[in-house]
Amino acid sequence: MKISQILNNNVAIVKRGSNEIIVYSKGVAFKKKPGQEITSEEIQKTYVLDSHDKLEHFSFLLSNTKDEYLQMVNQIIAFGEEKLKTCVSDYLYLTLLDHLDFTIKRIKKNQFIKSPLSWEVKKFYPEHYQIGLYAVSIIQKTMDIDCPTDEAVAIALHFINLQNDTNNANHQIKAMETVRDILAIIKYHFHINFDEDSMNYIRLVTHLQYFVTRLLKHDVYDSDEQELNNQIRSLYPEAYSCVNKIRVYVRDAFQSELTNDEETYLMLHIHRVTQREERN
């Protein structure tokens, strides 16, 4: 492979066939010039990006960030791939390097950002959150700075988003926000705090996750069991009152109506979790 451009002693752009890729290895470009050869044995890591714009952006980042930043990114992604048992897109190296560079600058200026999705990521994506916590520990150890654990959420979102296409990633974030909003409606309607370790709470959250996924996919589930619905309304009037608030929220947020079945299941789950919390 011939060198097209040297970014620093450890990073170069090379020509592989008709494509340009970025290669990394300690000292791989030291005392070399464009046009010279680099063998595959000399390369520790290659980065293949699917557009010239991304290649240019990554090249600029690599030219202007410290080598330990890229080493941190390589460690974090290697840990993430092992944790998730998957291979991520090389585009994640670009976005994560950009994020780390910006994060470290903010920390050094004592500028901190709290993620609004902290609760959702911890609850719905615990493995991704563990990757974020690992990243925080790597940043603290490598840079000898105090990195807030809120950064774990922001880094986890990179792995959540990059494992899917943009539309799916947006759907996931929308789903997390929607589950959070519905739980807040229930919480404030009944004036309770949830026991987040209880089985009834876990069942409620699981049901809401599937319910919101169906909303996002416009996948309506309805067997039209009106008689059962009427019975549940009569048995649990407060749960029905709460579901009416959820109905208004769903209508505004999704331009969709709750079906009889969805209403019935929501009333049952809400009754179970609220009765247990009230007894406690």
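Our subject is the structure that appears above.
Note that the structure is a prediction, hence the values are computed from the model and not measured.

A. Molecular detail of the pattern of salt bridges. With the rule as written, the count across this model stands at 7 salt bridges. Taking the shortest distance from any N to any O, the salt bridge between K85 and E82 comes out at 2.9 Å. For K85, a relative accessible area of 65% translates into the label exposed. In this structure, the salt-bridge partner of R251 is E257, at a minimum N-O distance of 2.6 Å. According to the relative accessible area criterion, E257 is partly exposed, its value standing at 46%. A single salt-bridge network, built from bridges that share partners, covers R233, R247 and E263.

B. A look at the pairing of strand β1 (residues 2-8). The sheet contact formed by β1 and strand β2 (residues 11-16) spans 5 bridges and is antiparallel. The residue of β2 that forms the bridge with K2 is K15. Between β1 and β2, which follow one another and run antiparallel, lie 2 residues.

C. The arrangement of the packing of aromatic side chains in detail. A full pass over the atoms with the stated rule returns 2 aromatic pairs. Look at F79 and Y134: their rings are 4.0 Å apart centre to centre, the planes differ by 10 degrees, and that puts the pair in the stacked class. Here F79 is found in helix α2 (residues 67-84), whereas its partner Y134 is found in helix α5 (residues 126-143), with 55 residues between them in sequence. Considering the side-chain rings of F194 and Y201, the 5.3 Å spacing of their centres and the 40 degrees angle between planes classify their relative orientation as tilted. Residue classification places F194 among the buried residues on the basis of a relative accessible area of 17%.

Cut-offs and rules
- Residues numbered from 1 in each chain as written.
- Predicted model: local features only at pLDDT ≥ 70, side-chain atom pairs only at ≥ 80, totals over all residues.
- Heavy atoms only, no water.
- Salt bridge = Lys/Arg side-chain N within 4 Å of Asp/Glu carboxyl O.
- Buried < 20%, exposed > 50% of the residue type's maximum accessible area, 1.4 Å probe, protein only.
- Pairing = 2+ DSSP bridges.
- Helix = DSSP H or I, 4+ residues; strand = E, 2+ residues; numbered from the N terminus.
- Phe/Tyr/Trp six-rings, centres within 6.5 Å; stacked < 30°, edge-to-face > 60°.

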